[in-house]
Amino acid sequence: MHAEAQELPKLVLRVPQRVQQIGLQHGYRLQEQIKSQLGIYEEMFEYTTKMDWPTVLKLAEEFRASLERKTPDLYLEMQGIAEGAGVGTLDIVALNCRSEISFGSFSDGCTSLSWKKNENARVLAQNWDWTTSVQKNLALMDIEISGKPRIYMVTEAGIIGKIGFNSAGVGTCLNAIKARPCISSKVPIHIALRLCLESTSVESALQTISSLGGVASSQHILIADSTTSLGLELSPLGDVHLKEDEDGFIIHTNHFIENKNVTEPSWIKGSPARLERAQQLAHELVNNGIKGDLITPSLLREQVFSDTCNAPQSICAQEDPSTHHTRRTSTLFNIVMNLDKQDLGAEVVVGQPGSGKESPVIKMPWM
C-alpha cells in the first residue's frame with residue numbers, strides 16, 4: 001500500500017522563442033526526479049530484460065536518429081531537458097522510448113474510460129498503474145508554445161508526452177499493450193501522446209501520426225475531443241479504431257479488443273476481468289439514470305476507479321508483495337477530464353482513489 005500521497009511539483013513552461021527553452025526549464029527544475037527516474041529504469045531494465053544501461057542507450061540511439069529527423073522540435077526539447085538536468089541526451093531519449101526499448105517486458109497496467117456527456121462534451125478518465133517507486137517522480141505540466149494549444153498533463157519527470165488534455169479540448173489516456181514487433185523508425189508512444197496533445201482535434205491528431213508513418217510499438221491511446229472519442233489500438237503493423245458503444249462509452253485495459261494485426265501474449269492476467277468489471281460498473285451508472293452533468297469526477301472516482309474487485313489486479317490496482325519490487329504495480333494517480341469547451345478542465349488525485357491515502361483533489365488548470 002502507498003504511504004500518504006505527496007504533493008506533485010507543478011511546472012508552468014512557456015517559450016517565447018526557442019522550444020529548447022521548455023526542455024531546459026523542465027530539466028533544471030526536475031533534475032533530482034529525472035536522475036531518480038534514470039536509476040529506477042536502469043534497475044528495471046536490468047531485472048526485466050537483462051540489459052545494462054549502456055545496452056539500453058545503444059538501442060536509444062536508433063530512436064534518437066529517427067526523432068531528430070521526424071520530430072525535430074520535440075528532439076530539441078529532449079536535448080534541453082538533458083542539458084538542464086545534467087544528463088546525456090540519450091538518457092532522456094531512453095526515458096521517452098522506455099516502452100519500446102523494453103520490448104513490452106514492463107508490467108504497467110491502467111484502466112481508461114471515455115463517456116459521451118452530450119453531443120458537444122466528453123468525459124475522459126483513467127487510473128494509471130505503474131511501479132510504486134515512480135510516484136515520487138510524477139509532475140504536473142502546463143506547457144505553452146506559441147501557435148499550439150496549451151497542454152496540461154501528468155507525466156513522469158523527463159518524459160515529454162503523457163496523460164492529459166489541451167486548451168483545444170483534446171485529451172489522451174494510455175493503456176500499455178505487450179506485443180511484438182517494435183520498429184524504431186516509427187514514432188514512440190510517448191512522442192505520439194505529445195503529438196496528440198499538440199493537436200486541435202482527434203482528426204488532426206490522427207493525421208499527424210499517420211503522416212509520420214505510425215507508431216513504433218503496440219499501445220492503446222484513448223483520445224477524445226468535445227465531439228469525438230476513439231480508442232486507438234495502435235501497432236506498427238496496422239491500427240484499429242474503437243468507437244463509442246450505444247451508451248457512449250469506450251472502455252479499455254491492457255489487451256487489444258479488436259486489433260489482430262500483431263501477436264499478443266497473455267501478460268496481465270487480470271486485464272480481461274478488469275475490462276469486464278469496468279464495463280459492468282459504467283453501464284450500471286447508466287441504468288441508474290446517470291447522464292449529462294451528473295457525470296462528475298467524484299462519481300467516477302467513487303463508483304468506478306476506486307473498485308478493488310479481483311485485487312491486486314483490480315481497477316484500483318493494489319501492490320502484490322509476492323512480486324519483485326520493480327514489477328510491484330499499483331494505481332499511482334487517477335485523472336478525470338471534462339472535455340467541454342464551455343467548462344474545460346480536469347481533476348487529479350495522486351494515489352489510490354478511495355483508499356483514504358490519496359492526495360486532495362488537484363484541479364487542472366491550477367492557475
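Scroll up to find the structure this text is about.
Residues numbered from 1 in each chain as written. Predicted model: local features only at pLDDT ≥ 70, side-chain atom pairs only at ≥ 80, totals over all residues. Heavy atoms only, no water.

Colleague: Let's hear about the environment of Gly164: which residues, and what values?
Modeller: Topologically, Gly164 is positioned in strand 6 (residues 163–166). Exposure remark for Gly164: the relative accessible area of 0% places this residue in the buried category. Considering only alpha carbons, one finds Gly164 and Ile223, 59 residues apart in sequence, at a separation of 9.9 Å. Excluding residues that lie within four positions of it along the chain, Gly164 makes contacts with Tyr152, Met153, Val170, Gly171, Thr172, Leu197, Ile335 and Met337. (Helix = DSSP H or I, 4+ residues; strand = E, 2+ residues; numbered from the N terminus. Buried < 20%, exposed > 50% of the residue type's maximum accessible area, 1.4 Å probe, protein only. Contact = heavy atoms within 4.5 Å.)

Colleague: Break down the pattern of salt bridges for me, citing the residues and quoting the values.
Modeller: One pass over the full model with this rule turns up 15 salt bridges. Across the pair Arg150 and Glu144 runs a salt bridge whose closest N-O atoms are separated by 3.6 Å. Within this structure, Glu77, Lys148, Arg194 and Glu198 form a network of salt bridges that share partners. (Salt bridge = Lys/Arg side-chain N within 4 Å of Asp/Glu carboxyl O.)

Colleague: Go over the pairing of strand 5 (residues 151–156) with me, naming the residues and quoting the values.
Modeller: Burial analysis of strand 5 places six of its six residues in the buried class, which makes it a mostly covered element. What you see with strand 5 is no split at all: Ile151, Met153 and Thr155 on one side and Tyr152, Val154 and Glu156 on the other are buried throughout. Direction of pairing for strand 4 (residues 138–145) relative to strand 5: antiparallel, over a ladder of six bridges. Pairing of Leu140 across the sheet is with Val154, part of strand 5. (Pairing = 2+ DSSP bridges.)

Colleague: Requested: an account of the packing of aromatic side chains, with residues and values cited.
Modeller: Following the criterion strictly, the structure yields five aromatic pairs and no others. The interplanar angle of 40° and the centroid separation of 4.6 Å between the aromatic rings of Trp115 and Phe249 together place this pair among those described as tilted. In this pair, Trp115 sits in strand 2 (residues 111–118) while Phe249 sits in strand 11 (residues 249–252), placing the two residues 134 residues apart along the sequence. In terms of burial, Trp115 and Phe249 fall into one category: buried. Between Lys50 and the ring centre of Tyr47, over which it is positioned, the NZ or CZ distance is 5.3 Å. (Phe/Tyr/Trp six-rings, centres within 6.5 Å; stacked < 30°, edge-to-face > 60°. Lys NZ or Arg CZ within 6 Å of the ring centre and 35° of its normal.)

Colleague: Describe the side chain of Arg194, naming the residues involved and giving the relevant values.
Modeller: Relative to the helices and strands, Arg194 resides in helix 7 (residues 189–197). If we ignore the near neighbours within four places in the chain, the residues touching Arg194 are Leu74, Glu77, Ile143, Ile145, Ile151, Ile160 and Gly161.

Colleague: A description of helix 10 (residues 297–305) should follow, citing residues and the corresponding values.
Modeller: Those residues of helix 10 that fall on the buried side of the exposure criterion are Leu299, Leu300, Arg301, Val304 and Phe305. Of the surrounding secondary structure, the elements contacted by the buried residues of helix 10 are strand 2, strand 3 (121–131), helix 9 (271–287), strand 12 (329–339) and strand 13 (345–350).

Colleague: Lay out the sheet that holds strand 2 in plain terms, naming residues and giving numbers.
Modeller: Judged by pairing direction, the sheet is antiparallel, and its six strands sit side by side in the order 11-2-3-12-13-14 without closing on themselves. Among the strands making up the open sheet, the edge pair consists of strand 11 and strand 14 (362–364). Between one strand axis and the next, the sheet turns by 15° as a mean value, whatever way the strands run. Bridge count between strand 12 and strand 13: six bridges; the pairing is antiparallel. (Axes fitted to C-alpha atoms, helices over the stretch in contact; angles between N-to-C directions.)

Colleague: Run through helix 4 (residues 72–85), naming residues and quoting values.
Modeller: The end-to-end C-alpha distance of helix 4, which contains 14 residues, comes to 20 Å, matching closely the 20 Å that a straight helix rising 1.5 Å per residue would cover. Regarding helix 4, the residues found buried are Leu74, Tyr75, Glu77, Met78, Gly80, Ile81, Ala82, Gly84 and Ala85. Gly86 lies just past helix 4 and shows a positive phi near 75°. (Expected span 1.5 Å × (residues − 1).)

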